[in-house]
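A structural walkthrough
Single-letter residue listing:
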Amino acid sequence: AQKVTQAQTEISVVEKEDVTLDCVYETRDTTYYLFWYKQPPSGELVFLIRRNSFDEQNEISGRYSWNFQKSTSSFNFTITASQVVDSAVYFCALSSASGGSYIPTFGRGTSLIVHP
Amino acid sequence: DTGVSQNPRHKITKRGQNVTFRCDPISEHNRLYWYRQTLGQGPEFLTYFQNEAQLEKSRLLSDRFSAERPKGSFSTLEIQRTEQGDSAMYLCASSLLPHTEAFFGQGTRLTVV
C-alpha cells in the first residue's frame, strides 16, 4: 500500500514571504515516483514536478524548489518570495508498483493563501 | 497538443437519473485515469485504462459506475441512478507511460439534486 500525508491543511502568508509545504510518503517499493501539482481556484490540476526514488538531488525552478529526503520519506516544496498568484491548493502524489501499477495516490492537499 | 479535454464542465441532474461524462486525453498518451474529488480532499482514484483495456477499478467504483475507452481513444464515465453522494468533481487524466506524470483535464462538476 502507498500513502501520502500532507499535514498542513492551510497556510497563510504575506506576499514575499518564503513558504514550505510538507509532504511525507509511505511505500514498500524501492522504485517510486513523487509529484507535486497545483490546483488554482479555476480547478484544473497543473503538474509541477516529477521525481524518481533514485534521484535525491534537490531541484530549483525559478522561485520553486523541492527537497527530497529518502531518510525521512519526505518531498517538501518551497516557494521563495511568494506572490498572490501562488494562492492555490497544492497536492503531493506518489506512484509505485505496490500501489497498483503506478497509479498516482494523492495527499489531501495544502491550501496556500498569499495575502498582498 | 491541446491537453486533456472533459465535457461537460458542469452537470446538474436529478437523483435517479443517469449521466455520462466524456474525456479526450492527449493523443499519444496510452494511460487514462478517472478520479473523483470532493471539497477539501485530494483526487481519489476510480479506474484506469491502458490503451482500451480497463485494468483496475477502485472499491469506490460501485456497480452504478461504468467506464469505457473504445479503441484506446476517448473515454466515457457513466453513472446510473445517481445519488446525492455522487456529487463531486470528476477528473480525467492521461499519461504517456505508467510512471510518467499525468496531465489533468478541467474536470466535470456533478451536482445531484
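Scope of this entry: the structure provided in the associated data block. (Residues numbered from 1 in each chain as written. Chains lettered and ligands numbered in written order. Predicted model: local features only at pLDDT ≥ 70, side-chain atom pairs only at ≥ 80, totals over all residues. Heavy atoms only, no water.)

So, the overall build of chain A
When you go through chain A residue by residue, the secondary structure sums to zero helices and twelve strands. Relative to its length of 116 residues, chain A is compact, with a C-alpha radius of gyration of 14 Å against a globular reference of 13 Å. Projected onto its principal axes, the C-alpha coordinates of chain A cover approximately 45 × 30 × 20 Å. When the 116 residues of chain A are sorted by exposure, 44% land in the buried category. By element, 49% of the accessible surface of chain A is carried by carbon and sulfur atoms, the whole surface being about 5400 Å². (Helix = DSSP H or I, 4+ residues; strand = E, 2+ residues; numbered from the N terminus. Rg over C-alpha atoms; globule rule 2.2 N^0.38 Å. Buried < 20%, exposed > 50% of the residue type's maximum accessible area, 1.4 Å probe, protein only. Areas by Shrake-Rupley, 256 points an atom, 1.4 Å probe, with all protein chains shown as cover.)

Thoughts on the overall build of chain B
When you go through chain B residue by residue, the secondary structure sums to zero helices and eleven strands. Its helices and strands taken in sequence order, chain B reads β-β-β-β-β-β-β-β-β-β-β from the N to the C terminus. Taking 13 Å as the expected radius of gyration for a compact globule of 113 residues, we find that chain B reaches 13 Å, a close match to that expectation. A principal-axis box enclosing the C-alpha atoms of chain B has dimensions of 35 × 25 × 25 Å. Long-range pairs, those at least 24 residues apart, make up 52% of the contacts in chain B between residues at least 6 apart in sequence. In the form shown here, chain B has an accessible surface area of approximately 5700 Å², with 46% of it arising from carbon and sulfur atoms. (Contact = heavy atoms within 4.5 Å.)

Considerations on the sheet that holds strand β7 (residues 65-68) of chain B
All names here are of chain B. Read from one edge of the open sheet, four strands run β1-β3-β8-β7, paired in antiparallel fashion. Among the strands making up the open sheet, the edge pair consists of β1 (5-7) and β7. The sheet shows a mean angle of 15 degrees between the axes of neighbouring strands, direction not considered. Pairing between β1 and strand β3 (residues 19-24): three bridges, direction antiparallel. By the bridge assignment for β3, Q6 is matched with C23. (Pairing = 2+ DSSP bridges. Axes fitted to C-alpha atoms, helices over the stretch in contact; angles between N-to-C directions.)

Quick look at the state of the cysteines
Going through the model one piece at a time under the given rule, you end up with two disulfides over all chains. Covalently, C23 of chain A is tied to C92 of chain A through a disulfide, its sulfur atoms 2.0 Å apart. Note on the C23 of chain A and C92 of chain A pair: the S-S dihedral is about -65 degrees, so by sign convention the disulfide is left-handed. With C23 of chain A in the loop between β3 (19-21) and β4 (24-26) and C92 of chain A in strand β10 (residues 88-96), this residue pair connects regions lying 69 residues apart in the sequence. For C92 of chain A, a relative accessible area of 0% puts it in the buried group. Between the sulfur atoms of C23 of chain B and its disulfide partner C92 of chain B the distance amounts to 1.8 Å. Torsion about the S-S bond of the C23 of chain B and C92 of chain B cystine: about -70 degrees, corresponding to left-handed handedness. Note that C23 of chain B is positioned in strand β3 and C92 of chain B in strand β9 (residues 88-95), a separation of 69 residues in sequence. Residue class for C23 of chain B comes out buried when judged on its relative accessible area of 0%. (Disulfide = S-S within 2.5 Å.)

Structural notes on the packing of aromatic side chains
Scanning all chains against the criterion turns up 24 aromatic pairs over all chains. Taking the centre distance of 6.0 Å and the plane angle of 75 degrees together, the rings of Y35 of chain B and F45 of chain B count as edge-to-face. Placement of the pair is Y35 of chain B in strand β4 (residues 31-37) and F45 of chain B in strand β5 (residues 44-50), with a sequence separation of ten residues. Put simply, the rings of F35, Y37, F47, F91 and F106 of chain A together with Y33, Y35, F45, Y48, F103 and F104 of chain B pair up and form one aromatic cluster. (Phe/Tyr/Trp six-rings, centres within 6.5 Å; stacked < 30°, edge-to-face > 60°.)

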